[in-house]
Amino acid sequence: MDKGQGMQPGVDWSLRPLADMSAAEFDDWQALLEERSGMVVTEQRRTFLQTNLSSRMREVGAQDYASYYRQVTDGPRGAVEWSTLMDRLTVQETRFFRHPPSFAMLSAYMKQRVESRSATRPWSLWSVGCASGEETYSLAICAAEALTCTSGETHFGVIGTDISLSALNRSRDGLYVRRRLEQLDPDLRERYFQALADDRFRVVPSLAARVCFARLNVLELASAPMSDVDVIFCQNLLIYFRRWRRREILNRLAERLAPGGLLVIGAGEVVGWQHPELVPVADSQVLAFTRKCL
Ligand SMILES: C[S@@+](CC[C@H](N)C(=O)[O-])C[C@H]1O[C@@H](n2cnc3c(N)ncnc32)[C@H](O)[C@@H]1O
């Protein structure tokens, strides 16, 4: 990459159209993104990369791709900028109960397992790549419903993790506009959300108290503190990664499952993956595995 000139004081770069990214620059950015986040930016997504990079470059006054590259790779200050850039480059599309058959399976699994599972520790559930929190709160609602109707107890906690700090902040706010809740069963919306004056809805405090959010890059799962997790959802995240990396991540997630725990993956996101400790769940619509009991 041509490590070009830095910012020139007094020049309004926002008025200058950015040049097309050269092949070498594209290679450098592609490699950096994949090394740090696992995300593969294919040639088809070159425009997406260029558009988002250039919009951020205008905001920070970076003159060209090379100087901005230097900026994001420059020590602790670069790390802050990198984090902002991640917010722009990750796809954070999500919905409540996005894949209904997966949640139906979760509900059935929890109801059936409540009998055999030791009641001495609370249930733990984990949404990996939680975006703005819809999946995490869906898991919490599903758990609350399943446990209340079987045991009357609601001893559970849910964690949502993501690489994007802005997504995590939105998750923690637990505030959603009416449109985001349209697909939710009206009865669940009534019981788990409070309508605010501005036509937004807030997750009720009793549910929010069971949920927490933390930053976690799935490339760093080896150092993550989670263990003995009862339910892991990892949907619509692995699709951005290479096949070998998908398997690596799933191997790490499998290690975090409690004996008898359930791992639910996005349908079709991995093909032919097996793990010696996991047993596939027979279901034509859901890709899921349970960990063998001890
Ligand atoms: C398309 S959303 C999926 C949200 C939710 N799981 C669902 O299925 O609706 C993908 C999420 O993965 C996150 N992500 C991308 N790369 C990541 C990484 N290396 N580590 C953790 N999260 C990552 C993105 O920030 C984004 O919020």
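For clarity, every value in this text was computed on a predicted model and none was experimentally measured.

**Student:** Whenever I open this one, the pairing of strand S1 (residues 123–128) confuses me. Can you help?
**Tutor:** Within a regular strand, the side chains alternate between the two sheet faces. Taking burial as the measure, the six residues of S1 include five buried ones, the bulk of the element. Judged from the six bridges that link them, S1 and strand S2 (residues 156–162) form a sheet pairing that is parallel. Its bridge partner being in S2, serine 124 is matched across the sheet by glycine 157. In this sheet, strand S7 (residues 229–234) lies alongside S1 in parallel orientation, the contact comprising three bridges. Looking at S7, one finds that leucine 125 is bridged to valine 231.

**Student:** Can you help me understand the domain arrangement of the protein in this one?
**Tutor:** Quoted interface sizes are often the accessible area lost when the parts come together. Once the domains are mapped, the protein shows domain 1 (17–90) and domain 2 (100–291). Between domain 1 and domain 2, the C-alpha centre-to-centre distance is 31 Å. If you look at the interface, domain 1 gives eleven residues, while domain 2 gives ten residues. Taking both partners together, domain 1 and domain 2 bury about 950 Å²; carbon and sulfur atoms supply 49% of that area. At the boundary of domain 1 and domain 2, one finds two salt bridges. Joining domain 1 to domain 2, the criterion identifies five residue pairs in polar contact (both at pLDDT 80 or more). Counting only elements with at least two residues in the side of domain 1 that touches domain 2, the list comes to helix H1 (23–37) and helix H4 (75–89). At four residues, the largest contribution of residues to the side of domain 1 that touches domain 2 is made by H1. Classifying every residue of the side of domain 1 that touches domain 2 gives three nonpolar, four polar and four charged.

**Student:** Whenever I open this one, the site of the ligand confuses me. Can you help?
**Tutor:** The full set close to the ligand counts 20 residues, and Ser37, Thr94, Arg98, Gly129 and Asp162 are the nearest of them. With respect to the ligand, the backbone of serine 37 contributes an N or O atom lying 2.8 Å from a nitrogen atom. Coverage of the ligand by the protein chains reaches 99% of its 610 Å² of free accessible surface. Partitioning the shell around the ligand into residue classes produces seven nonpolar, nine polar and four charged.

**Student:** Would you mind going over the side chain of threonine 136 with me for this structure?
**Tutor:** By the element assignment, threonine 136 lies in helix H6 (residues 134–150). The contacts of threonine 136, once residues within four sequence positions are left out, are Ser127, Cys130, Val158, Ile159, Gly160, Val211 and Phe213.

**Student:** It is not clear to me how the nonpolar core should be interpreted in this structure. Could you clarify?
**Tutor:** Nonpolar side chains tend toward joint burial in soluble globular proteins. Counting residues in hydrophobic clusters, the biggest one holds 41 residues, and the most contacted among them are Leu106, Met110, Leu125, Phe156, Phe193 and Leu207. Here this core gets nine residues from one element, more than from any other, and that element is H6. Beyond its immediate chain neighbours, meaning those up to four positions away, leucine 125 contacts Leu106, Met110, Leu139, Ala143, Phe156, Gly157, Val158, Ile159, Val229 and Val231. Within the second largest apolar cluster, 25 residues are counted, among which are Val128, Leu237, Leu238 and Ile265.

Scoring rules and cut-offs
- Residues numbered from 1 in each chain as written.
- Predicted model: local features only at pLDDT ≥ 70, side-chain atom pairs only at ≥ 80, totals over all residues.
- Heavy atoms only, no water.
- Buried < 20%, exposed > 50% of the residue type's maximum accessible area, 1.4 Å probe, protein only.
- Helix = DSSP H or I, 4+ residues; strand = E, 2+ residues; numbered from the N terminus.
- Pairing = 2+ DSSP bridges.
- Domains from an automatic or database assignment.
- Contact = heavy atoms within 4.5 Å.
- Buried area = accessible area lost by both parts, 1.4 Å probe.
- Salt bridge = Lys/Arg side-chain N within 4 Å of Asp/Glu carboxyl O.
- Polar contact = N/O pair within 3.5 Å; in protein donor to acceptor, adjacent residues only side chain to side chain.
- Nonpolar A, V, L, I, M, F, W, Y, C, P; charged D, E, K, R; others polar.
- Near = heavy atom within 4 Å.
- Areas by Shrake-Rupley, 256 points an atom, 1.4 Å probe, with all protein chains shown as cover.
- Core = buried A, V, L, I, M, F, W, Y, C linked by side-chain atoms within 4.5 Å.

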